[in-house]
Amino acid sequence: QVQLVESGGGLVQAGGSLRLSCAASGRTFSSYHMGWFRQAPGKEREFVAVIMRTGRTAYTESVKGRFTISRDNAKNTVYLEMSSLKPEDTAVYYCAAALQPPGSSPRRYDYWGPGTQVTVSS
């Protein structure tokens, strides 16, 4: 089992940057595929990015070229570097862990953090 806690959210102006972190408990972090999702008010939870155990990454189209997912297995942490932020990026951001290759479906992730709010002002 793994517990996840996100940090790094906040209020930023459009065009700005933020780095989100997700710290994981447990000694098997490197065994998990790690994803970032977001949920805006009144909308469904949306896939943002995933980094596999192998380090391979994938992104939703709307964040390609602006967001970068990475992981540090020695620190049990996954990151989401966000730049050129837009008001439409405003949401609660969640990290999630999956033992099996999860793709972009939130149903395929086994563990979730409580989320961190990102607000981008215009």
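Everything numeric here is computed off the predicted structure, so don't read it as measured data. (Residues numbered from 1 in each chain as written. Predicted model: local features only at pLDDT ≥ 70, side-chain atom pairs only at ≥ 80, totals over all residues. Heavy atoms only, no water.)

Some points on the overall build of the chain
Inference 1: The helix and strand tally for the chain stands at zero helices and 11 strands.
Inference 2: Starting at the N terminus and ending at the C terminus, the chain contains elements arranged as β-β-β-β-β-β-β-β-β-β-β.
Inference 3: For the chain, buried positions account for 43% of its 122 residues.
Inference 4: Summarising the internal contacts of the chain: among those between residues at least 6 apart in sequence, 58% fall at separations of at least 24.
Inference 5: With 14 positive and 9 negative side-chain charges, the chain shows a spacing of 5 Å between the two charge centroids. (Helix = DSSP H or I, 4+ residues; strand = E, 2+ residues; numbered from the N terminus. Buried < 20%, exposed > 50% of the residue type's maximum accessible area, 1.4 Å probe, protein only. Contact = heavy atoms within 4.5 Å. Lys, Arg positive; Asp, Glu negative; His and termini not counted. Charge placed at Lys NZ, Arg CZ, Asp CG, Glu CD.)

Notes on the pattern of salt bridges
Between side chains of opposite charge, a pair can form when the charged atoms approach closely.
Inference 1: Applying the stated criterion across every chain yields a total of five salt bridges.
Inference 2: Two residues, R38 and D89, come together in a salt bridge whose shortest N-O distance is 2.9 Å. You can see R38 sitting in strand 4 (residues 33-39) and its partner D89 sitting in the loop between strand 8 (77-82) and strand 9 (91-98), a full 51 residues away along the chain.
Inference 3: According to the relative accessible area criterion, R38 is buried, its value standing at 6%.
Inference 4: Residue D89 is classed as buried on the basis of its relative accessible area, which comes to 1%. (Salt bridge = Lys/Arg side-chain N within 4 Å of Asp/Glu carboxyl O.)

With respect to the side chain of R38
Inference 1: A polar contact is formed between the side chain of R38 and the side chain of D89, at a distance of 2.9 Å.
Inference 2: Filtering out sequence-adjacent residues up to four positions away, R38 remains in contact with E44, R45, E46, V48, S62, V63, F67, D89, A91, V92 and Y93. (Polar contact = N/O pair within 3.5 Å; in protein donor to acceptor, adjacent residues only side chain to side chain.)

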